[in-house]
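Results of the structural survey
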Amino acid sequence: MVAVLLHALFVVATWYGMRPRLTPTVAARTDEVLRIRLIVRSPIPAVAPPPAQNLPPPPKPHTRPRLPEPVAKEAMTLQLPPPKPAATARLYDKNGQPLLPAAAASAPEPGYVQHLPQGDARVMQHTDAIKYKATRFEQYFPPPDETAGGAAVRHVVDAVVKSKDVNLPRGVHLKCMTVLGIPTPNCINPPAPPSAKDGDERLSMAPARPLDGRAHAPKPPSVEACIAMYRAGKPLASGCPVDTPNRSVDAELREHAEGAARP
């Protein structure tokens, strides 16, 4: 209830403070009225200029020349040297060559001490003009800074440690390291050597078709002959199937299976 009364009191006070005020009207006085009259301006008649008369120009005032004062007998006199002719700038000599200013002598400044470069002094050194990067053939050449003792140790290691091919069933070929002829567990499965590309028909252009068809065409070799060429490491003759390496592996598996079943 108290809050309602306070709100009502605030509303009444606000309305009382914001209501418009009535200002009393003041009667106008007739003696203070400002009167304005508009006067029309009459045009000014144009006056004709006077006729031009050929009159002589007015005489200039005659001025008498000012004579220099005579020099006194005891006065000090000063005679200036005759002015020198202005030197003209020359850009070229008589031969047509440009005239350049002479180079000023560069005398060292007293007290100057030249300091050496600070930091890494090998930044601007280019002793190795060709950057060398080791390749896989590095193992076949001795290192350039090898000593006599290092060469002897390397020869002993090469004579003791060797690699040996081990053939397992199902056509598995391993290359194992041997120490004094004794195989070690250090074995890897090297990838199959690629076949010779000299006789690969895939790298040759298609032969020209003869006019009489295949009547005089050479007879292609048999699959067994192609497999024998591949095993011997010779280039495949023209007409051998492209999958001769796979056929060679299959034939080797069949031979091992037949040899195991024969006893």
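Above this text sits the structure in question.
A quick note: this is a predicted structure, and the numbers were derived from the prediction, not measured.

Rules of the game
Residues numbered from 1 in each chain as written. Predicted model: local features only at pLDDT ≥ 70, side-chain atom pairs only at ≥ 80, totals over all residues. Heavy atoms only, no water. Patch = residues over 30% accessible without salt bridge, like charges linked within 9 Å, V, L, I, M, F, W, Y side chains within 5 Å. Areas by Shrake-Rupley, 256 points an atom, 1.4 Å probe, with all protein chains shown as cover. Salt bridge = Lys/Arg side-chain N within 4 Å of Asp/Glu carboxyl O. Helix = DSSP H or I, 4+ residues; strand = E, 2+ residues; numbered from the N terminus. Buried < 20%, exposed > 50% of the residue type's maximum accessible area, 1.4 Å probe, protein only. Pairing = 2+ DSSP bridges.

Some words on a nonpolar patch on the surface
Taken together, Val153, Val157, Val161, Met177, Val179 and Leu180 make up a surface patch of nonpolar side chains, about 490 Å² in accessible area. Secondary structure elements with two or more residues in the nonpolar patch: α2 (148-160) and β2 (172-179). Within the fold, Val161 resides in strand β1 (residues 161-168). Among the residues examined, Val161 registers a relative accessible area of 32% and is labelled partly exposed.

Some remarks on the pattern of salt bridges
Summed over the entire model, instances satisfying the criterion amount to three salt bridges. For Arg154, the salt bridge goes to Glu146, with nearest N and O atoms at 2.9 Å. Note on Arg154: relative accessible area 28%, which makes it partly exposed. Classification of Glu146 as partly exposed rests on a relative accessible area of 24%.

A word on the pairing of β2
Relative to β2, β1 runs antiparallel, the two being bridged by eight bridges. Bridging from a neighbouring strand, Val166 pairs with Leu174 of β2. Linking two consecutive strands that pair antiparallel, namely β1 and β2, is a turn of three residues; a positive phi of about 65° is found at Arg170 within it. As paired strands, β2 and strand β3 (residues 182-188) are joined by four bridges and run antiparallel to one another. Within β3, the position partnered with Thr178 by the bridge is Pro183.

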